[in-house]
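Here is how the chains run, residue by residue.
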Amino acid sequence: RDPLAGLKHTYQAPGYPSTFLPHGFSVIVTAPAAFRFTYEAMPEKHHEAAERLTGGPVDPGPDALPDALLTLSALGAPLDIETLGYAEADLPALVAGAEQQQRLLVLAPRAPSAADLAEVFRQSLRRS
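**Q** When you look at the nonpolar core in this model, what are you seeing that I'm missing?
**A** Nonpolar side chains in soluble globular proteins tend to be buried together. Core analysis: the largest hydrophobic core is formed by 27 residues, its most contacted members being Leu 4, Ile 81, Leu 84, Leu 94 and Phe 121. Leu 4 has contacts with Leu 21, Ser 26, Val 29, Thr 30, Ile 81, Tyr 86, Leu 94 and Phe 121, leaving out every residue within four places of it along the chain.

Here's what the structure looks like:
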């Protein structure tokens, strides 16, 4: 179960009649930080994905794919987990929920520790 969608039920997604967090929104808010974390395992795949999203060449480096993903903000998706109702105090519960997603974590190109997951959520807390 998605820890962001399951822990709090305060976010009102546009077009939905009640509080509901679409799975895609919970993915997009953490994806930039998650891809910075996995970058070193497969930099060429990250660059390829960024180029497909932007439609052209990108500057190489760990921010290429996160920056490309952030261009999706024009679609109205939330950009941070604070927008979804979360705060720093929620990070331990989010990490605990993420650790239960072993079938997803074992597929990651770089295995995250609990501290790594906490850092992904911390970086996802708010976009400046």
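**Q** Got a minute to help me understand the layout of surface pockets in this structure?
**A** Which parts of space are left empty comes out when a probe the size of a water molecule is rolled across the atoms. When its volume is computed, the largest pocket comes out at roughly 760 Å³. For the lining of the largest pocket, the elements supplying multiple residues, two or more each, are α1 (3-7), α2 (23-38), α6 (102-105) and α7 (114-124). At nine residues, α2 tops the list of elements feeding residues into the lining of the largest pocket. In the lining of the largest pocket, the residues fall into 16 nonpolar, six polar and two charged.

Calculation notes
Residues numbered from 1 in each chain as written. Predicted model: local features only at pLDDT ≥ 70, side-chain atom pairs only at ≥ 80, totals over all residues. Heavy atoms only, no water. Core = buried A, V, L, I, M, F, W, Y, C linked by side-chain atoms within 4.5 Å. Buried < 20%, exposed > 50% of the residue type's maximum accessible area, 1.4 Å probe, protein only. Contact = heavy atoms within 4.5 Å. 1 Å grid on protein atoms, 1.4 Å probe; cavity = no way out; pocket = protein on both sides within 12 Å on 5 of 7 lines; lining within 4 Å. Points joined across faces, edges and corners; volume = space filled by probe spheres on them. Helix = DSSP H or I, 4+ residues; strand = E, 2+ residues; numbered from the N terminus. Nonpolar A, V, L, I, M, F, W, Y, C, P; charged D, E, K, R; others polar.

In short, shape yes, function no, at least from these values alone.
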